[in-house]
Amino acid sequence: MSQAASFVVHHIPVCPFSQRVEILLALKGNDAQERVRFEVVDITRPRDAALLAKTRGTTALPVLELPDGRVLKESLVLMRYLDEVLPGPAVAAADPYRRAVEGMLSRLEGDFVQAGYVFVMNQDPDRRGALRERMLEQFARLDAFLVEHAPAGTFLFDDFGWSEAVFTPMFMRFWFLEYYEDFDLPPEPRFERVRRWRTSCLAHPAAQQVTREEIVKSYYDYALGAGNGALPAGRARSSFAFEPHWRTRPWPPRDKYGPPPGDAALGL
Ligand code: GAZ
């Protein structure tokens, strides 16, 4: 960020949708990054009235504010717009066919995200098996897509690009499934291709904005069924609070179905 900044992204730092935009900017490079300023929103507090007026009452983030005050919403829309107007290499594929393939893969993100979030938020132990199966089906769909369109390589195309920027933040959030649900991809052939993709996505230098520890600690309340900064029963502070810093807090209990600790035991 610098004085040349002309775009403002209002965001929640640990939010995967916001990380998509951050990854896109990292891929485009310094000249692009300098044009964008990130304004942090604390979802554990009532939303600022000025920002609510700009979004006309919607609260989902990220939102992009243009230099003239106009507002754009939806992470994939923000990615497209910033990719087109900012300096630096295009992240989206230039070739129309390749761009269409990216588009088809992006269309799978909604169900993928939904399956993971419903799984982590679930509070009924009897539903675990079914939710795990549903998550695995989503990974299998990604695998089949990659086997069809990019059987040999690692990424969809030559390098980490558009599709990787869309999915990597979700692969990272799903560390909470590994932690709170003991979920991981079984060593079966139907997941081999997507596993290879995920491993390379997670390791890419453009996608290191958050850590597993920050995600597991911040999303603890989701594991108790309370999303978007809401408070679980018996708690006064959200796991998404900025203070105390997540680094100073202990790792939450992995058993999300057991008796939940209070604020103090969570280091909140
Ligand atoms: N489709 C939008 C986009 O930009 O792509 C989604 C944006 C969004 O949901 N942002 C969340 C938000 O601003 C933060 S990240 N919430 C505050 C508010 O007031 O709306 C995602 C989920 C989900 C639960 C949580 C999240 C998440 O499903 O990490 O799936 C979409 C929120 C149950």
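These numbers come from a predicted model, not from an experiment.

Trainee: Quick question: what am I supposed to make of the domain arrangement of the protein here?
Mentor: Bring the parts together and some accessible area is lost; that lost area is often taken as the interface size. By domain assignment, the protein separates into domain 1 (7-85), domain 2 (96-207) and domain 3 (215-268). Put simply, the middle of domain 1 and the middle of domain 2, counted by C-alpha atoms, are 24 Å apart. Each partner contributes to the interface: domain 1 provides 15 residues, whereas domain 2 provides 17 residues. Interface of domain 1 and domain 2: buried area, both sides summed, is about 1,400 Å²; carbon and sulfur atoms make up 65% of it.

Trainee: What's the story with the sheet that holds strand 4 (residues 71-73) in this structure? I'm lost.
Mentor: Two pairing modes exist for strands in a sheet, parallel and antiparallel, and in both the strands are linked by backbone hydrogen bonds. An order of 2-1-3-4 is seen for the 4 strands of this open sheet, with the pairing classed as mixed. Edge positions in the open sheet fall to strand 2 (36-40) and strand 4, since each of these has one partner strand only. In this sheet, adjacent strand axes meet at a mean angle of 25° when their direction is disregarded. Taken together, the 3 bridges between strand 3 (residues 63-65) and strand 4 define a ladder with antiparallel strand orientation. When the bridges of strand 4 are listed, L64 appears paired with L72. This element, helix 1 (residues 16-28), spans strand 1 (7-11) and strand 2 of the sheet and lies at about 155° to strand 2. Where helix 4 (residues 75-85) meets the sheet, it contacts strand 1, strand 2, strand 3 and strand 4, and its direction lies at approximately 125° from that of strand 4.

Trainee: Would you mind going over the site of the ligand with me for this structure?
Mentor: Around the ligand, 17 residues are found, and the nearest of them are T59, L61, E74, S75 and Y117. In this structure, L61 approaches the ligand through a main-chain N or O atom, which is 2.6 Å from an oxygen atom. With respect to the ligand, the side chain of Y219 contributes an N or O atom lying 3.3 Å from an oxygen atom. In isolation the ligand exposes 730 Å². Once the protein is present, 77% of that is buried. Of all the secondary structure elements, the ones that give two or more residues to the shell around the ligand are helix 1 and helix 6 (109-121).

Trainee: Which parts of the structure should I look at to understand the environment of F145?
Mentor: Relative to the assigned elements, F145 resides in helix 7 (residues 128-149). If we skip the residues at most four places from it in the chain, F145 touches V101, M104, L105, L108 and L156.

Trainee: Just checking my understanding: could you explain the packing of aromatic side chains for this structure?
Mentor: In this description, a pair of aromatic rings is defined by centroid distance and the angle of the planes. For the coordinates displayed, the defined rule picks out 23 aromatic pairs. Ring geometry for F155 versus F160: centroids 5.8 Å apart, planes at 80°, classification edge-to-face. Of the two residues examined, F155 and F160, each falls in the buried class. Between Y222 and F240 the ring centres are 5.5 Å apart and the planes differ by 70°, which places this aromatic pair in the edge-to-face class. Taken as a pair, Y222 in helix 12 (residues 220-223) and F240 in the segment after helix 12 lie far apart in primary sequence, 18 residues in all. By relative accessible area, F240 is classed as buried at 8%.

Trainee: Teacher, can you tell me more about the pairing of strand 1 here?
Mentor: The two faces of the sheet receive side chains in turn, since in a regular strand these alternate between them. Of all the 5 residues making up strand 1, 5 are buried; the element is thus mostly covered by neighbouring parts of the structure. Residue alternation in strand 1 divides its side chains into two sets, F7, V9 and H11 and V8 and H10, and both sets are buried. The sheet contact formed by strand 1 and strand 2 spans 5 bridges and is parallel. The residue of strand 2 that forms the bridge with H10 is E39. Examined bridge by bridge, strand 1 and strand 3 share 3 bridges and lie antiparallel to one another. What sits directly across from H10, in strand 3, is V63.

Trainee: Help me understand the pattern of salt bridges in this model?
Mentor: Side-chain pairing between opposite charges can occur once the charged atoms of the two side chains come close. Following the criterion strictly, the structure yields 17 salt bridges and no others. Between R45 and D42 there is a salt bridge; the shortest N-O distance is 2.9 Å. Judged by its relative accessible area of 58%, R45 falls in the exposed class. Its relative accessible area of 16% is what places D42 among the buried residues. Two residues, D263 and R235, come together in a salt bridge whose shortest N-O distance is 2.8 Å. Of this pair, D263 sits in the segment after helix 12 while R235 sits in the segment after helix 12; the two residues are 28 residues apart in sequence, bridging distant segments of the chain. We classify D263 as buried; its relative accessible area is 15%.

Rules used throughout
Residues numbered from 1 in each chain as written. Predicted model: local features only at pLDDT ≥ 70, side-chain atom pairs only at ≥ 80, totals over all residues. Heavy atoms only, no water. Domains from an automatic or database assignment. Contact = heavy atoms within 4.5 Å. Buried area = accessible area lost by both parts, 1.4 Å probe. Pairing = 2+ DSSP bridges. Helix = DSSP H or I, 4+ residues; strand = E, 2+ residues; numbered from the N terminus. Axes fitted to C-alpha atoms, helices over the stretch in contact; angles between N-to-C directions. Near = heavy atom within 4 Å. Polar contact = N/O pair within 3.5 Å; in protein donor to acceptor, adjacent residues only side chain to side chain. Areas by Shrake-Rupley, 256 points an atom, 1.4 Å probe, with all protein chains shown as cover. Phe/Tyr/Trp six-rings, centres within 6.5 Å; stacked < 30°, edge-to-face > 60°. Buried < 20%, exposed > 50% of the residue type's maximum accessible area, 1.4 Å probe, protein only. Salt bridge = Lys/Arg side-chain N within 4 Å of Asp/Glu carboxyl O.

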